[in-house]
Each structure stands twice: as structure tokens, then as C-alpha cells.
Amino acid sequence: MNLSLKHLTKKFGEKTVLNDVSCSLGEIRSLAIIGPSGGGKSTLIRLIAGLIPPSSGTIQLDKQTVLNDEAFLIEYRKKLGMVFQAYNLFPHLTAIENVMLPLIHVHHIPKETARKQAKECLQRFQLEEHEDKLPAHLSGGQQQRVAIARAIASESKYLLFDEPTSALDPELTGEVLDMINELRQEGKEFIVVTHEMGFAKNACDYVVFIADGKIIEHGASQSLFSDPQTTELQSFLSRILEWN
Amino acid sequence: MNRPSLFIRDPKKTDPARGKIALNIALVAAVLFAIVQFSLSRIDHIPRWDQIWTYRILFFKGFGMTIIVSLFALILSLTFGTLAALGNHSKVYFFHYLSKFYIELIRGTPLLVQIVFFYYIIGTAFQIENKIIGGILILSTFSGAYVSEIIRAGIESIENSQLEIARALGLNHRQIYRLIIYPQVIRQVLPPLAGQFASIIKDSSLLSFIAVREFTKVTFEVTAINFATFESYALLAVGYLLLTLPISLWTKRLERKFYYES
Ligand SMILES: Nc1ncnc2c1ncn2[C@@H]1O[C@H](COP(=O)(O)OP(=O)(O)O)[C@@H](O)[C@H]1O
Ligand SMILES: [Mg+2]
């Protein structure tokens, strides 16, 4: 994917959360966004997902400018599969119904075909035994995997993850990261906000480091982790790797 | 102590034997019956159940009126309640405060005061002469304030994150209401609304104060003639229970069902 941010600023009331961010990334298959909490990572990925409008500046994804227009945005969002930290599934629908919902109502696939596709998708990720369960009866890891399966079933062009594992304990974290990595190997492109540095380093080819509403540093993941240029990134990495 | 007993309940067991339940319920009924019998014997009362039969048509009409008034009040109070909940959410200050005033005024004053106030003052001023319609209006105004709080709680129970996820999936505004918010609000509000209906049925008895000839008013009238107070009020109680008990049991079932589902 090509992602280009031009003078992107986001304010919530008086508070500036992203401050005149610019960068142009071409031909990236998997992008990790890292940085201290409160730095603006979620805000950035929600801007890219077209869920909130920028205060000023523009975002281009594959040369297409994201317009602040509801009709445009509804079409735009259909191409992206977003998975949040937790509670991605609608609590009143079973796992399979959660997967079917966008197929039927967003992509206008007939109900029976949608059911078949959803079933196949859940099967593919070894989730078929849970298809008739409500989210409350699934583990956190299973919920996240169903949410990812939903994005895959909808044939989203790109996947966007906002800390998909930070609400999970380590064991479940592994099963979700494995799934994302499997998708990467199949050629699925994605952007992920993550605190899992091992994952950012090994499963993402490019990394953007954000702190205090600014992109402090970005680069190919191997070199960025082995040779951080800024003191901010150095101290962030040493702090986060201290106990690893 | 692990000895199974006919009389000891184990809170962890969800379905004890039917015979055990029946036995214990019968026991409670017997004790209550004994207390009533004892009280009656102390005042040397010999029940005259034939008096109920004599006035059966009147009782029946009153019972029917209670049902009709309550049903209409339920429907209207859903309308009032929804409007007030929408008003509360409105961006227009006027509607916001209008609904706040409505809810707080109604919830903060006794129904009886409202009935007298509305009926004799507002009703006279605006010439609402039909007592039944006036009664239904008052009852639904009262109940609507509670319904609006039920609906508000139902809407607030839906997390903002769900709306963001729905948008991220590409659902439009109308679909979000139809597929995500509406079905969940219905599940949330159905049990408390059923409870509210039971309240309306009981509260409708206060309409006897403005001479709506519903179940309670009819009972006043009958006892004024035949003095069979005990018999008439026993019938009155049973009549209300006949309406409210099924609702109460149904509410409990709904609550349990939704509890296990979420
Ligand atoms: N909707 C909002 N309204 C007000 N402030 C917000 C909102 N969303 C985020 N913020 C603030 O923006 C800052 C950055 O938040 P976020 O993008 O969530 O950071 P991160 O994901 O890096 O932890 C935080 O200080 C947060 O409090
Ligand atoms: Mg965040």
C-alpha cells in the first residue's frame, strides 16, 4: 500500500493530539505504529480508517485522498477491515452472525451465500466449533480472531489493527499474532498499532514511531530496531525491552 | 451438612424436584390461609361469597375497564416515554429541558396528586369531559416518565465503541440503528417495560378518585351497598394478581434469558 500524510493535524477541543504530521510511505506491505501511550497512535489509525475527520491536512491511501464526506467515507471504509483492542463483536449476535452482518448489509451478498462464506472463513481459522456462540461465551482471543475473520470474509483490501492483543493474556496474544502473521504470509497487507516489539520487528516490514503527536522516526523495521537514530526511540525501546 | 432435605433450599441447584417445590408452596399457602381464617374468626365473620355472585356483572365490567385503561395507557406511555427520551437526547435546549422538567416533575410527585391536579384543573380548563380518556391521559403521562428512563438506560447500555465498529464495517446511519442499536435496546428494555405494565395496572386503581368505573371503583360501589367488604376486596386482590402475576413471571423469564445470552 501507499500511505501519504500531509500536514495532518488532529485536535480534540483545545488539545492537539497529532501536530502537523507528514510522511510518505510507498510500497509497504505491513506497517507497525509504535510509541508511548497517549502519543496519538489510535488517533492516527482512526484517521486512516476514516472514522474521524482531521482538523487539517490530508491523508492519501493508494493515491486516493480521504474526503470528509459521509458518502465517500462509507465506500472507503468498506475496503478496510478494522479491529480494535476489544469488544469488536456485537454482543447480540453469534460469531457467525457477526461475520455475516457486513456481508449481507454492506456487501449485499444473499443471506445463504453469506452464511456459506462465513462458515468457510471460520473453518479456515479453526473457529467453526464456536460459530453459534455469543461473544460473551468466547474467550478474548477467540473474540479477536472472529473479528479478524470478519474482516477477512468481507474481503477487505487492507486490515487495520489497533492494539489487537493488548487486552489479552500472553497465551491468547500468541494465537492472535499467529493468525495475523499467517495472513501476512498469504500476502494480506495491514497496519497495526502494537506494543509487541517482537511482532513489529519480525512481522512488519516498516515501522513508524509516534510520540507527543509527532512522527519522531520511521524506517524499515530491522534497521529501525537495531539502529534507532533518535534519543526518544532509544529510550522508548530500552524502557519497553527492559523486562523482555 | 449434606443431607438432602425436603425443606432446605440449595441456592446452587437450579431445578429441584417438582414434588419438593409443590410441597413447600402448599405449606406457605396453608399458613396464609390459616392466618386469614383466624382473623375472620376473631371478628366473627361468616363469609358471604354469594354477594360476589350477585354483583358479578358489575365486577366484570370494572375488571374489563381496568384492562382497557391499562392497555391504552401502556401504548400511550410508550409514545410519551420515547418522545421524552428523544427530547432528552435532543441538541435543542428547549426540548432537552422540557423533557427533564417532565421527568422530574412526574417522578417527584405522587400519582394521586397528579390525578386530582390534572383532572380537576387542567381537565376542566381544557374541557376534557370524558373521564376515561382523561384517566388514560393522566396515567400514561405518569407512566411515560418512567418509560423514558427505561429507554434512556437501554440506549446508554450500548457502548460507544460498538457504534464505531459498526461505522468501521461500512454500515450507514440507518443500518446502525436498525441492526445494532434497536435490537439491543429492545432486549434491554423489554423486562423493565413488562414490569412497568404491571405498575400501570395497579396504579390504574387510583383513577377511582375521578370516578372512572374501573375495578377498584366498582368495588367501592358494591361494598357501599352490601357491606361485603372482605369478600369484595379479596376478589379485588385476586383480580389484580391475575393480571400482574403472569407479567411478573414472564418478566423474570425474560431477564434470565437475556442474562444468559449476554
Ligand atoms: N475523543 C477524544 N476526545 C478527547 N481527547 C482524546 C480523544 N481521543 C483521544 N484523546 C486524547 O488524545 C491523546 C492521544 O490518544 P490516543 O490516540 O488514543 O493515543 P495512543 O493510542 O497512542 O495511546 C490522549 O491524550 C487522549 O486522551
Ligand atoms: Mg491507543
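Structural data are supplied above this passage.
Please read these numbers as outputs of a predicted model, since none were measured by experiment.

Caption draft 1: Layout of the overall build of chain A. Check the secondary structure of chain A and you find nine helices and 10 strands. For 244 residues, the compact-globule estimate of 2.2 N^0.38 gives 18 Å, and the C-alpha radius of gyration of chain A, at 18 Å, lies within 12% of that figure. Over its C-alpha atoms, taken along the principal directions, chain A stretches across nearly 55 × 45 × 35 Å. A separation threshold of at least 6 residues defines the contact pool for chain A, and within that pool the share at least 24 residues apart is 65%. Carbon and sulfur atoms form 48% of the exposed surface of chain A, whose accessible area is close to 11000 Å². In chain A, the 25 positive side-chain charges and the 31 negative ones have mean positions that sit 5 Å from each other.

Caption draft 2: Broad picture of the environment of Lys133(A). All names here are of chain A. With respect to the helices and strands, the residue Lys133 is situated in the loop between helix 4 (111-124) and helix 5 (140-153). What makes Lys133 partly exposed here is its relative accessible area of 30%. When near neighbours in sequence (up to four residues on either side) are disregarded, Lys133 contacts Thr94, Ala95 and Leu138. Separated by 2.9 Å, the side chains of Lys133 and His130 make a polar contact.

Caption draft 3: Spatial organisation of the site of ligand 1. All names here are of chain A. If you check the shell around ligand 1, you find Phe12, Lys15, Val17, Pro36, Ser37, Gly38, Gly39, Gly40, Lys41, Ser42 and Thr43 and nothing else. The side chain of Ser42 places a nitrogen or oxygen atom 2.7 Å from an oxygen atom of ligand 1. Surface burial for ligand 1 is 63%, taken as the share of its 560 Å² of free accessible area covered by protein chains. Elements represented by at least two residues in the shell around ligand 1 include exactly strand 2 (15-25) and helix 1 (41-48). Ranked by residues supplied to the shell around ligand 1, first place goes to helix 1 with three residues. For the shell around ligand 1, the per-class residue count stands at three nonpolar, six polar and two charged.

Caption draft 4: Broad picture of the nonpolar core. If you look at the biggest cluster of nonpolar residues, it comprises 56 residues, and the most contacted ones within it are Leu5(A) and Ile191(A). Among the elements that take part in this core, helix 8 (residues 173-203) of chain B stands out by supplying seven residues, more than any other. If sequence neighbours within four positions are ignored, Leu5(A) has contacts with Val21(A), Ser22(A), Cys23(A), Leu44(A), Thr58(A), Ile59(A) and Ile215(A). Of all hydrophobic cores here, the second largest spans 48 residues; its members include Ile148(A), Val176(A), Phe199(A) and Leu233(A).

Caption draft 5: Representation of the interface of chain A and chain B within the structure. Tallying the contact residues gives 21 residues for chain A and 20 residues for chain B. Of the roughly 1900 Å² buried at the junction of chain A and chain B (both faces included), carbon and sulfur atoms supply 63%. When the buried area of chain A at its contact with chain B is split by residue, Phe90(A), His92(A) and His105(A) rank highest and sum to 29% of it. Applying the counting rule to chain A against chain B returns one salt bridge. A salt bridge links Glu164(B) to Arg46(A); the shortest N-O distance between them is 2.8 Å.

Caption draft 6: A look at the packing of aromatic side chains. Overall, the coordinates contain 11 aromatic pairs over all chains when judged by the stated rule. Residues Phe209(A) and Phe236(A) carry aromatic rings whose centres are separated by 5.2 Å and whose planes lie at 40 degrees to one another, so their mutual orientation is tilted. Here Phe209(A), found in strand 9 (residues 206-211), pairs with Phe236(A), found in helix 9 (residues 231-241); they are 27 residues apart in sequence, far enough to count as distant. Like Phe209(A), the residue Phe236(A) is buried in the burial classification. Here Phe117(B) and Phe118(B) contribute two aromatic rings whose centre-to-centre distance is 6.2 Å and whose plane-to-plane angle is 90 degrees, an arrangement assigned as edge-to-face. By relative accessible area, which is 44% here, Phe117(B) ends up partly exposed. Through a chain of ring-to-ring contacts, three or more aromatic side chains come together here, namely Phe63(B), Phe215(B) and Tyr240(B). Directly above the ring of Trp53(B) sits Arg56(B), whose terminal nitrogen or CZ lies 4.2 Å from the centroid.

Caption draft 7: Up close: the pattern of salt bridges. Counted under the stated rule, the structure contains 12 salt bridges over all chains. Here Glu75(A) ties to Lys78(A) by a salt bridge, and the two come within 3.0 Å at their closest N and O atoms. On the criterion of helical spacing, the pair formed by Glu75(A) and Lys78(A) is a turn pair, its members being three residues apart in helix 2 (residues 70-78). On the accessibility criterion, Lys78(A) (19% relative accessible area) is buried. Residue Glu221(B) pairs with Arg213(B) through a salt bridge whose shortest N-O separation is 2.7 Å. Residue classification places Glu221(B) among the partly exposed residues on the basis of a relative accessible area of 22%. The exposure class of Arg213(B) is partly exposed, given its relative accessible area of 42%. One salt-bridge network, held together by shared partners, links Glu149(B), Arg152(B) and Glu156(B).

Thresholds applied
- Residues numbered from 1 in each chain as written.
- Chains lettered and ligands numbered in written order.
- Predicted model: local features only at pLDDT ≥ 70, side-chain atom pairs only at ≥ 80, totals over all residues.
- Heavy atoms only, no water.
- Helix = DSSP H or I, 4+ residues; strand = E, 2+ residues; numbered from the N terminus.
- Rg over C-alpha atoms; globule rule 2.2 N^0.38 Å.
- Contact = heavy atoms within 4.5 Å.
- Areas by Shrake-Rupley, 256 points an atom, 1.4 Å probe, with all protein chains shown as cover.
- Lys, Arg positive; Asp, Glu negative; His and termini not counted.
- Charge placed at Lys NZ, Arg CZ, Asp CG, Glu CD.
- Buried < 20%, exposed > 50% of the residue type's maximum accessible area, 1.4 Å probe, protein only.
- Polar contact = N/O pair within 3.5 Å; in protein donor to acceptor, adjacent residues only side chain to side chain.
- Near = heavy atom within 4 Å.
- Nonpolar A, V, L, I, M, F, W, Y, C, P; charged D, E, K, R; others polar.
- Core = buried A, V, L, I, M, F, W, Y, C linked by side-chain atoms within 4.5 Å.
- Buried area = accessible area lost by both parts, 1.4 Å probe.
- Salt bridge = Lys/Arg side-chain N within 4 Å of Asp/Glu carboxyl O.
- Phe/Tyr/Trp six-rings, centres within 6.5 Å; stacked < 30°, edge-to-face > 60°.
- Lys NZ or Arg CZ within 6 Å of the ring centre and 35° of its normal.

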